[in-house]
Every structure is written in C-alpha cells, then in structure tokens.
Amino acid sequence: MKAKVHVTLKSGVLDPQGKAVSHALTALGFDGVLGVRQGKYIELDIAETDPVKAKPLVEDMCRKLLANTVIENFAIDLEG
Amino acid sequence: MKAAVIVFPGSNCDRDAATALELITGRKPQMVWHGDAALPDVDVIVVPGGFSYGDYLRSGAMAAHSPIMASVKAAADKGVRVMGICNGFQVLTEAGMLPGVLMRNRDLKFICRDVLLRVETTASEFTSAYTKGQVIRIPVAHHDGNYFAEPAVLDELESQDRVAFRYCDAAGATTEAANPNGSQRNIAGILNARRNVLGMMPHPERLADPLLGGTDGAPMFTALLNAFA
C-alpha cells in the first residue's frame, strides 16, 4: 500500500523559506497571501497491506527519520 | 591522545580536522569510514564538517543513522570525547546526542566567512585553553546553522553552563547584528550534560595553523591534548 507523509514545521518555528516564497508571491502580484509555510511530502510504497499495522509502522519511520520532531509535525495518509 | 575522524560520503573537512589534530597532538588520527560498525579504541572522536549524504532529507539526518554512529554514541556514553563540527554538529543533534536542531540560515544564504565568537565556558575539555569571555575569530561555512531549541531547552543549556560559544561583535557583545544565521540566543556551540560531547557550527580546524591566517582554533585541540597529558 501507499503511505503519504506530510512533514510540516510546528507552529511557532520560524520558516524563512516560507516567508521568502510569500514575499515572491506578493511581488508577482498575488495579493492576499497571508502566509506561507513550506514542508515536505514523502510517498512510501510499503509491503504491509493492513492499515492497522501500517499506521504505527510509518509513525515509527517518521519519528526515527522522516521528521525531526523537535521542529516538525507529520501527518500520514494510507491508501490502497 | 588517540583520535579518530569519522568520514561520511560527502564529508569535506575530515582531512582538515585530521591535519589540525596531527599538527597539535603530533599523532595521526585514524580515519573511520561511516559504513564500519567498529570504532578503534580512541580518546577523541571528531565528526567533521561537509555535506554528508548530500544533506538529503535534512542536514545530518542520514549520517546520524549510519552504522558508525551507533558506535560513536556508545563511546560517548562511556566518556569518550566527541567533537562535532558544522555538519558534525548537525549529525550529533539528529542522532539525539545534543539537543536542538540546526535550521536553514535566517537569510537563506550559505555563509562562508570568519565570525567572532565569545567563549562562554571554559569548564570543558574542549574549551579549557581559552579564557571565559575571550573573543576568538573562527570561520563558518554553512547553509543550515540556525540553532533552534525550545525555550525550556535553551534555559537548561544556560543554567547548566552548557553554551560553549556565542556569536558576538568585536567588543564581545552578542548582538543581533553579530548573529550570522539567526541562531537562538546567538548560540554557536553547545555541550551535552556530561560535557564530553561538543557541537559547534564554526570550524576551529580551519584556523589552527598560522599558514592559514590565524590560530584561534588551535586551543581547542591543545585543550584536548592537555586533558590527556
């Protein structure tokens, strides 16, 4: 099955890249961009087919490697 | 003093570190490849600067889980001195050996220049050859040097005298203008609770030989040598 992982910065952690993107959008004439937070999207193809087992497995991967939980949150979507 | 330098794919300051160590201690350190699980019996381990694994995912994230790092961690737990410089600092935070994380620089630019540091503590085997409050000049070369930790963690580092260096101006003031990368509280280097693991973004090994234009980095290696004299 597929596991789709979104890794995002925790609120309160400054995101200079998101800020730069926000400025660039404003410079391009896109008014009304109130904020940009940049993160990562990671797609995993895993052998496990049982979502009940896949969830904790992918959570463990996130905690150990995919996200740095000092500054990042992660969200997991399982498909298929 | 027996030393080892860890070499990851993408390390580029490993030989600088080895040269500085040899110059000051008179002994060639052993170069240890990241894929090796066994570490030679040494007193000091340097985790060098560079771009291990191309900085994939996050700086230091992949290297932190390479086979050799489990041995480095075990050695540190036994009291072996571990010095992480630049990417080495990033690796040590990712490995959970030091608190916090090194984020993208505030201004998003790679910074490669000399900076001034204030020596915050001399109560460690890495910094004992400096004087407290001394201002030293050391080069930085990084894209991700913006030190971040929760306020409670920063408070703990300060209350336990574990901030080794801060970015400062020529007068030793830790101003925002003297902070090259946006690090919390101008922190440039920290110690673990046991004080045998140090991580710092600046490169003392790059200014340890007069030929390179300065020797302000040399006392770090002299201090380690003295600890084993």
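Residues numbered from 1 in each chain as written. Chains lettered and ligands numbered in written order. Predicted model: local features only at pLDDT ≥ 70, side-chain atom pairs only at ≥ 80, totals over all residues.

Caption draft 1: Spatial organisation of the overall build of chain B. Secondary structure summary: chain B contains 5 helices and 11 strands in total. Taking 2.2 N^0.38 as the reference for a compact globule, 229 residues should give roughly 17 Å; the C-alpha atoms of chain B span a radius of gyration of 16 Å, in line with that estimate. By principal-axis analysis of the C-alpha atoms, chain B measures approximately 45 × 40 × 35 Å. Put simply, chain B has 229 residues, and 54% of those count as buried. Contacts in chain B between residues far apart in sequence, at least 24 positions, make up 76% of those at least 6 positions apart. (Helix = DSSP H or I, 4+ residues; strand = E, 2+ residues; numbered from the N terminus. Rg over C-alpha atoms; globule rule 2.2 N^0.38 Å. Buried ≥ 20, exposed ≤ 12 C-beta atoms within 10 Å, placed from the backbone. Contact = placed C-beta atoms within 7 Å.)

Caption draft 2: Main features of the sheet that holds strand β2 (residues 40-45) of chain A. Residue and element names in this part refer to chain A. Pairing within the open sheet is antiparallel, and its 3 strands lie in the order β2-β1-β3. What marks the edges here is a single partner per strand, and that holds for β2 and β3 (72-79). Sheet twist, expressed as the average angle between the axes of neighbouring strands with direction ignored, equals 20°. Relative to β2, strand β1 (residues 2-9) is paired through 6 bridges, and the arrangement is antiparallel. Considered in β2, the bridge of A3 is made with L44. Its contacts with the sheet put helix α2 (residues 51-66) on β1, β2 and β3, and the angle it makes with β3 is roughly 150°. (Pairing = 2+ DSSP bridges. Axes fitted to C-alpha atoms, helices over the stretch in contact; angles between N-to-C directions.)

Caption draft 3: Quick look at the confidence of the model for chain A. Chain-level pLDDT for chain A is 95 on average; 100% of the residues reach the 70-or-more range. Mean pLDDT values over the elements of chain A span from 93, in helix α1 (residues 16-27) of chain A, up to 98, in β2 of chain A. (pLDDT = per-residue confidence, 0-100.)

Caption draft 4: The interface of chain A and chain B, seen in detail. Listed by partner, the interface residues are 8 residues for chain A and 11 residues for chain B. A per-element tally of the side of chain A that touches chain B places α1 of chain A first, with 3 residues. A per-class count over the side of chain A that touches chain B returns 6 nonpolar, 2 polar and no charged. (Nonpolar A, V, L, I, M, F, W, Y, C, P; charged D, E, K, R; others polar.)

Caption draft 5: Inspection of helix α3 (residues 87-94) of chain B at higher detail. All names here are of chain B. Counted residue by residue, α3 has 8 buried out of 8 residues, so it is predominantly covered. Every buried residue of α3 is listed here: N87, G88, F89, Q90, V91, L92, T93 and E94. Considering only its buried residues, α3 is in contact with β3 (44-47), β4 (81-85), β5 (101-103) and β11 (197-200). Taken from the residues just after α3, G96 is the one with a positive phi, measuring 80°.

Caption draft 6: Spatial organisation of the sheet that holds β3 of chain B. Residue and element names in this part refer to chain B. Pairing within the open sheet is mixed, and its 9 strands lie in the order β2-β1-β3-β4-β11-β10-β9-β6-β7. Edge positions in the sheet fall to β2 (30-33) and β7 (135-142), since each of these pairs with one other strand and no more. Strand-to-strand twist across the sheet, computed as the mean angle between neighbouring axes with direction ignored, equals 25°. Helix-sheet contacts for helix α1 (residues 14-25) involve β1 (3-7), β2, β3 and β4, and the interaxial angle to β1 is about 170°.

Caption draft 7: Summary view of the nonpolar core. Ranked by size, the top nonpolar core spans 71 residues in total, and within it V5, I6, I45, V46 and L117 of chain B carry the most contacts. Non-local contacts of I45 of chain B, meaning those with residues more than four positions away in its chain, are made with A4, I6, V72, A75, V80 and V82 of chain B. With 7 residues, the next largest nonpolar core counts A3, V7, C62 and F74 of chain A among its residues. (Core = buried A, V, L, I, M, F, W, Y, C linked by C-beta atoms within 7 Å.)

Caption draft 8: Local environment of the pairing of β3 of chain B. Residue and element names in this part refer to chain B. On β3, burial covers both faces: V44 and V46 on one face and I45 and V47 on the other are all buried. Two strands pair when backbone bridges link them, and β1 and β3 are joined in this way by 3 bridges, in the parallel orientation. Across the sheet, the residue bridging to A3 is V44, located in β3. As defined by bridge partners, β3 adjoins β4 across 4 bridges and the pair is classed as parallel. Residue pairing across strands places I45 opposite V82, the latter belonging to β4. With helix α2 (residues 67-77) bridging β3 and the parallel β4, this β-α-β connection has right-handed handedness. (Right-handed = clockwise from strand over helix to strand, strands pointing away.)

Caption draft 9: A look at α2 of chain A. All names here are of chain A. Relative to the 22 Å expected for 16 residues at 1.5 Å per residue, α2 spans just 19 Å between its end C-alpha atoms, considerably shorter than the ideal helical length. For α2, the full list of buried residues reads V58, C62 and L66. Buried positions in α2, seen along its axis, are confined to an arc of 50° and lie on one side of it. Opposite its buried face, α2 presents the exposed residues V52, K53, P56, D60, R63 and K64, each directed more than 90 degrees away. (Expected span 1.5 Å × (residues − 1). Arc of directions from axis to C-beta.)

Caption draft 10: Structural view of the pairing of strand β9 (residues 163-167) of chain B. All names here are of chain B. Of all 5 residues in β9, 5 are buried; the element is thus mostly enclosed. Across 3 bridges, the pairing between strand β6 (residues 111-119) and β9 is antiparallel. Among the inter-strand pairings, V119 is bridged to a residue of β9, identified as F165.

Caption draft 11: The environment of K55 of chain A, seen in detail. All names here are of chain A. On the secondary structure map, K55 appears in helix α2. What makes K55 partly exposed here is the crowd of 14 C-beta atoms within 10 Å. Put simply, K55 and G29 are 26 residues apart on the chain and 42 Å apart in space, counted from C-alpha to C-alpha.

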